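Take a look at the letters that make up each chain.
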Amino acid sequence: MKLAMTAAVLALTATATSFGAASAQTAAGDWRTPDPNNVIVVETNKGRIIAELYPQAAPNHVERMRGLVKSGFYDGLTFFRVINDFMAQTGDPQNTGIGGSDQPNLVAEFTFRRGADTPLAQSFKVGTNESGWVGVMPVTSQNSALAVMTADRKVATWGNFCPGILGAARAGDPDSANSQFFFMRQANASLDKTYTAFGRVLSGLEAVRAIKTGEPVPDPQDKMISVKLLADLPADKRPSIQVMNTSSAAFKALVDKRRAEQGAGFTNCDVDVPVQVK
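As the structure is a prediction and not an experimental result, all values here were calculated from the model. (Residues numbered from 1 in each chain as written. Predicted model: local features only at pLDDT ≥ 70, side-chain atom pairs only at ≥ 80, totals over all residues. Heavy atoms only, no water.)

### Description of the sheet that holds strand β16 (residues 275-277)
On the basis of which strands lie adjacent, the open sheet formed by three strands has the order β1-β15-β16 and antiparallel pairing. The open sheet has two edge strands with one neighbour each: β1 (31-32) and β16. (Pairing = 2+ DSSP bridges. Helix = DSSP H or I, 4+ residues; strand = E, 2+ residues; numbered from the N terminus.)

### Comments concerning the nonpolar core
In this structure, Trp133, Phe161, Phe182 and Met184 are the most contacted members of the largest nonpolar core, which totals 37 residues. Where this core is concerned, the elements lending two or more residues are β2 (39-44), β7 (121-126), β8 (129-134), β9 (137-141), β12 (181-184), β13 (197-203), β15 (241-244) and α4 (249-262). If you tally residues by element for this core, the top one is β15, at three residues. Core analysis: the next-biggest nonpolar cluster, separate from the first, contains 30 residues, Ala51, Leu77, Leu166 and Phe198 among them. (Core = buried A, V, L, I, M, F, W, Y, C linked by side-chain atoms within 4.5 Å. Buried < 20%, exposed > 50% of the residue type's maximum accessible area, 1.4 Å probe, protein only.)

### Description of α4
Its 14 residues place the ends of α4 20 Å apart at the C-alpha level, agreeing with the 20 Å of an ideal helix rising 1.5 Å per residue. Backbone geometry just downstream of α4 places Gly263 in the positive-phi region, at approximately 70°. (Expected span 1.5 Å × (residues − 1).)

### Quick look at the state of the cysteines
Tallying each qualifying case throughout the model produces one disulfide. With its sulfur 1.9 Å from that of its partner, Cys162 forms a disulfide with Cys269. Judged by the sign of its S-S torsion, about -80°, the bond between Cys162 and Cys269 is left-handed. With a gap of 107 residues between them, Cys162 in the loop between β10 (155-159) and β11 (165-168) and Cys269 in the loop between α4 and β16 connect regions that are remote in the sequence. Cys269 matches Cys162 in its accessibility class, with the two residues each being buried. (Disulfide = S-S within 2.5 Å.)

### Things to note about the pattern of salt bridges
A side chain with one charge can pair with a side chain of the opposite charge if their charged atoms come near. Summed over all chains, the structure comprises 10 salt bridges. Among the ionic pairs, Asp256 bridges to Lys252, the shortest N-O distance being 2.9 Å. Taken as a pair, Asp256 and Lys252 lie in helix α4 at a separation of four residues, close to a single helical turn. (Salt bridge = Lys/Arg side-chain N within 4 Å of Asp/Glu carboxyl O.)

### With respect to the packing of aromatic side chains
This model, assessed by the stated rule, comprises eight aromatic pairs. Seen in terms of ring centroids, Phe73 and Tyr74 are 5.2 Å apart; in terms of plane orientation they differ by 90°. Their pairing is edge-to-face. Arranged with centres 6.1 Å apart and planes meeting at 25°, the rings of Phe161 and Phe182 form a pair that is stacked. Taken together, the residues span a long stretch of sequence, with Phe161 in the loop between β10 and β11 and Phe182 in strand β12 at a distance of 21 residues. Look at Phe161 and you get buried, because its relative accessible area is 2%. Take Phe182: its relative accessible area is 0%, and that puts it in the buried class. Grouped by ring-pair contacts, the aromatic residues Phe73, Tyr74, Phe79, Phe181 and Phe183 constitute a single cluster. Here Arg170 stacks its cationic end above the ring of Tyr195, 4.2 Å away from the centre of that ring. Across the ring face of Trp158, the terminal group of Lys193 is positioned such that the distance to the ring centre comes to 4.2 Å. (Phe/Tyr/Trp six-rings, centres within 6.5 Å; stacked < 30°, edge-to-face > 60°. Lys NZ or Arg CZ within 6 Å of the ring centre and 35° of its normal.)

### Thoughts on the pairing of β15
Bridge count between β1 and β15: two bridges; the pairing is antiparallel. The residue of β15 that forms the bridge with Arg32 is Val243. The pairing of β15 with β16 spans three bridges and is antiparallel. What sits directly across from Ile241, in β16, is Val277.

### Looking at unusual backbone geometry
Along the chain, Glu215 connects to Pro216 via a cis peptide bond; the corresponding omega equals 0°. As for its placement among the helices and strands, Pro216 is situated in the loop between α3 (205-210) and β14 (224-229). Cis geometry is found at the peptide bond from Asp219 to Pro220, where omega equals -5°. With respect to the helices, strands and loops of the structure, Pro220 is situated in the loop between α3 and β14. Of note, the phi angle at Gln122 is positive, near 55°, even though the residue is not glycine. One can find Gln122 in strand β7.

Shown next as structure tokens:
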């Protein structure tokens, strides 16, 4: 399953007031503890990678990942296709790119519906759309003002393929994702709305970027020694994780600083969400 690089742009007109972001921001503390059932701990020969899964963005892909992780499916699988300034692909029991699990393929979840109950943290305009964060997941959506014109009072939203994003690998058929996935090593906006984004690295991006490159990667390939849900690790081996709340004043200050540094070219890929792992 190879990743194509195609771009898509959607422009829509705003007609009303945005929902949610301001009220969520005022009530937020600076740090949060992620749900351990939505955090995977990947031990590789290059180091530990900790990533948070986002069922809000892609519930079926997250459910598949959790199920395969709990079964031990990913333990020992290699990174068989790794492109230096792009991504590191894994999750194939054949370690070649042509295999998958015994589960049926997944229907694409390139976009999700976002309502007033899922405000964008630190939202800013990109043309007529809005960008920001849902948790640590960088996303773009239709302008929230359009929600008043939709039957479900929600707008289309999609993950942005920034560094550290977990994406579902697929073949040419949009509905062909199964078990293979990839970690983004660098940003690549051409994957937005054409691949399913379902999580993001909290800690260990340096390990992702240290994985041996190649198409295919020459032997010996780097590998995932074990992949576990944080909730399933014994208490004495479970890392303590705190993530900066992207709706907090502290994160807003960080975003404002980066925006000032980057100028007109600023995107949500330019901000690293602070994480504490002990």
